Structures are given as C-alpha cells and as structure tokens.
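# Summary of the model geometry
Spelled out from the first residue to the last, the chains are:
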Amino acid sequence: MPVELTRDKNHELAQTVVTGRHTLTADATLAEGGDDAGPSPHDLYDAALGACKAITVMWYARKKGIPVDDVNTVVTRDDSGERAGIYKLTATLQIRGALSDAQLQELEAVARKCPVHKLMATVTTEISTQVQRLA
C-alpha cells in the first residue's frame, strides 16, 4: 500500500500524508522555515520506532499471557552526529502490569526485535527517487 503525500496549501512546507484510511500532516519546524503544523519527518521516523516497539510488546504479551496493562514509550534522539552518519535513538518503554523481573526482561528482549528496529539497524534500504513533471 503506497503512502501518498500532497502539499498542504494552508502552509508553506507542510505535506498531507495519506496511508490507507489515515490522514495526518507533516511539516518542518519553525526553526526550519515551516509552520510546525505537524510532526517533522524526523519526528515521524522516531515515532515509527516507538510505536513499533510498544505494539510489538503488547502483541507479544497478549500472545504469551503476560499481564501487561499499559505501555508508554518515550523516544529521544541525539542527531548531533547525523551529518557524520550517526543518528542515535533511545527508546524507553514504561510497562505497567503485575510482571516478574523475568517477564520484564523477556519483554525488553522482544522490544529490541521489533520490525522497525530491524529495518533501521540491520536492513539495507534501497531508495529510488523519481521526479515527474505535472502538466
């Protein structure tokens, strides 16, 4: 399923993002010349990691009968080395439930294996870009 983006004409740089039946706005920050009308592309990238980890933990806990009541995730970035090829993300999962230490460790191991983590850290992503003229 493709993700389609079109310019949000209410803002200078913002894009309306449509994926399936979901719509959201992405924009540059004020410091970057945008209107901050939505998350920046970097924010969306970081959020993908956090969402994947939380969803993976919740799915796994449900499948294994581990008593997880709630998962909150905070993703922080250190992009100070991005131009040198180093982008650091730290994902902290806050899990509520009557969990043993062993179950908590098991969930941490599962969180480290979420599909987006694998995409970001172990998979070579090939990107093709095409530009087409609109009439």
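Attention in this report is confined to the structure presented alongside it. (Residues numbered from 1 in each chain as written. Predicted model: local features only at pLDDT ≥ 70, side-chain atom pairs only at ≥ 80, totals over all residues. Heavy atoms only, no water.)

### What about the pairing of strand β2 (residues 15-19)?
- Relative to β2, strand β1 (residues 3-7) runs antiparallel, the two sharing five bridges. Following the sheet pairing, Glu4 is matched in β2 by Val18.
- Note that β2 and strand β3 (residues 22-26) share five bridges and pair antiparallel. The residue of β3 that forms the bridge with Thr19 is His22.
- Counting the residues that bridge the hairpin from β2 to β3 gives two residues, and of these Gly20 lies at a positive phi of roughly 60°. (Pairing = 2+ DSSP bridges. Helix = DSSP H or I, 4+ residues; strand = E, 2+ residues; numbered from the N terminus.)

### Side note on the packing of aromatic side chains
- According to the stated counting rule, one finds one aromatic pair in the structure shown.
- Ring centres of Tyr45 and Tyr87 lie 5.8 Å apart, and the angle between their planes is 70°; this geometry places the pair in the edge-to-face category. On the criterion of sequence distance, the pair formed by Tyr45 in helix α1 (residues 41-64) and Tyr87 in the loop between β4 (70-78) and β5 (88-96) is long-range, its members being 42 residues apart.
- By relative accessible area, which is 39% here, Tyr45 ends up partly exposed.
- Taking relative accessible area as the criterion, Tyr87 reaches 23% and is therefore assigned partly exposed. (Phe/Tyr/Trp six-rings, centres within 6.5 Å; stacked < 30°, edge-to-face > 60°. Buried < 20%, exposed > 50% of the residue type's maximum accessible area, 1.4 Å probe, protein only.)

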